[in-house]
Amino acid sequence: MITQQRSEAADRIRLVTRFGEFEADPRNLLTFPLGLPGFEQCRQFALLSSPDSAPLQCLHAVVGPTASFLTIDPRLVLEGYRCVLSPSDRGRLQAAPGDSLLWLALIAIDPGGAAFANLRAPVVINPVTMTGFQVMPHDTLYPLRHPVAID
């Protein structure tokens, strides 16, 4: 069950997800102008983390249908992970060539409990504009399902 409540005292959003309970500052919400594939109606997300779940984070929709995704920095999954954004993707993110961007791989867990990171189509976030997109870098050789060991 996922609930969303505003905390009057701190003007924070309390989110209860299948991955745990979190609080988010409304000023730190991310906008995904196109949503995520399969969740196009979800356009506003919170990136949630806790010391107990590190290095995993939860990308949780705060508006629209219920959607929560486990994410991880792809460089923690595969040493040397590197993708180059196309000029059009960089433009959508309003990012200059030298800008620092946040890259996240979405994690899927199969019915047997095995975890896989999608390294082929990462989520990329511009922390300056708080805008994100899931991108498919041109000529990527990374797998759609790369095994991840989650303890």
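In this text the structure is predicted, and so the values were computed from the model without any measurement. (Residues numbered from 1 in each chain as written. Predicted model: local features only at pLDDT ≥ 70, side-chain atom pairs only at ≥ 80, totals over all residues. Heavy atoms only, no water.)

A.B. asks: How should the packing of aromatic side chains be read in this particular structure?
C.D. replies: Geometrically, a pair of aromatic rings is defined through the distance of the ring centres and the angle of the planes. Here the structure, examined in full by the defined rule, presents four aromatic pairs. Aromatic rings pair up to connect F32, F39, F45 and F69 into one cluster. Geometry around F133 places R92 over its ring, the cationic atom sitting 4.1 Å from the centre. The lysine or arginine in question, R145, covers the ring of F116, its NZ or CZ lying 3.8 Å from the ring centre. (Phe/Tyr/Trp six-rings, centres within 6.5 Å; stacked < 30°, edge-to-face > 60°. Lys NZ or Arg CZ within 6 Å of the ring centre and 35° of its normal.)

A.B. asks: Looking at this structure, I do not really get the side chain of T71. What am I missing?
C.D. replies: Mapped onto the secondary structure, T71 falls in strand β7 (residues 68-72). The buried category is assigned to T71, whose relative accessible area is 0%. For T71, the contacting residues outside a window of four places in its chain are L47, P55, L56, Q57, L59, L104, A105, L106 and I107. (Helix = DSSP H or I, 4+ residues; strand = E, 2+ residues; numbered from the N terminus. Buried < 20%, exposed > 50% of the residue type's maximum accessible area, 1.4 Å probe, protein only. Contact = heavy atoms within 4.5 Å.)

A.B. asks: Can you walk me through the confidence of the model for the protein in this structure?
C.D. replies: Detail in the predicted coordinates should be disregarded across regions flagged by low pLDDT. Per-residue confidence for the protein gives a mean pLDDT of 87, with 93% of residues at or over 70. Here residues 1-9 scores under 50 on pLDDT; set against residues more than four positions off or in separate chains, the count is 22 contacts. (pLDDT = per-residue confidence, 0-100.)

A.B. asks: What am I meant to see in the pattern of salt bridges here?
C.D. replies: When charged atoms on two side chains of opposite charge get close, those side chains can pair. The final tally for this structure, using the stated rule, is four salt bridges. In this structure, D25 and R27 form a salt bridge, with 2.5 Å as the shortest nitrogen-oxygen distance. Residues R75 and D73 are paired through a salt bridge, measuring 2.6 Å at the closest nitrogen-oxygen approach. Relative accessible area serves as the criterion here: at 54%, R75 is assigned to the exposed category. (Salt bridge = Lys/Arg side-chain N within 4 Å of Asp/Glu carboxyl O.)

A.B. asks: Help me understand the pairing of strand β10 (residues 131-134) in this model?
C.D. replies: Within a regular strand, side chains alternate between the sheet's two faces. Burial of β10 is two-sided: the residues T131 and F133 facing one way and the residues G132 and Q134 facing the other way are all buried. By the bridge criterion, four bridges tie strand β9 (residues 115-126) to β10 in an arrangement that is antiparallel. Its bridge partner lying in β10, V124 is registered against F133. (Pairing = 2+ DSSP bridges.)

A.B. asks: Looking at this structure, how should I read the nonpolar core?
C.D. replies: Across soluble globular proteins, you tend to see nonpolar side chains buried next to one another. By size, the foremost hydrophobic cluster in this structure holds 21 residues, and its most contacted members are L85, L93, L101, W103, L119 and V124. Those elements that place two or more of their residues in this core are β7, β8 (102-109) and β9. The element contributing the most residues to this core is β9, with four residues. Those residues in contact with L93 that sit more than four places away from it in its chain are L85, L101, V124, N126, T129, T131, G132 and F133. (Core = buried A, V, L, I, M, F, W, Y, C linked by side-chain atoms within 4.5 Å.)

A.B. asks: Would you take a moment to explain the environment of G80 for this structure?
C.D. replies: Within the secondary structure, G80 sits in the loop between α1 (74-77) and α2 (87-92). Since its relative accessible area comes to 62%, G80 is described here as exposed. Taking the C-alpha atoms as reference points, G80 and L104, separated by 24 residues in sequence, lie 14 Å from one another.

A.B. asks: When you look at the state of the cysteines in this model, what are you seeing that I'm missing?
C.D. replies: Simply put, the disulfide is a covalent bond whose two ends are the sulfur atoms of two cysteines. Tallying each qualifying case throughout the model produces zero disulfides. Take C42: it sits in no disulfide, and the sulfur closest to it among the cysteines is that of C58, at 12 Å. For C42, a relative accessible area of 1% corresponds to the buried category. On the accessibility criterion, C58 (2% relative accessible area) is buried. (Disulfide = S-S within 2.5 Å.)

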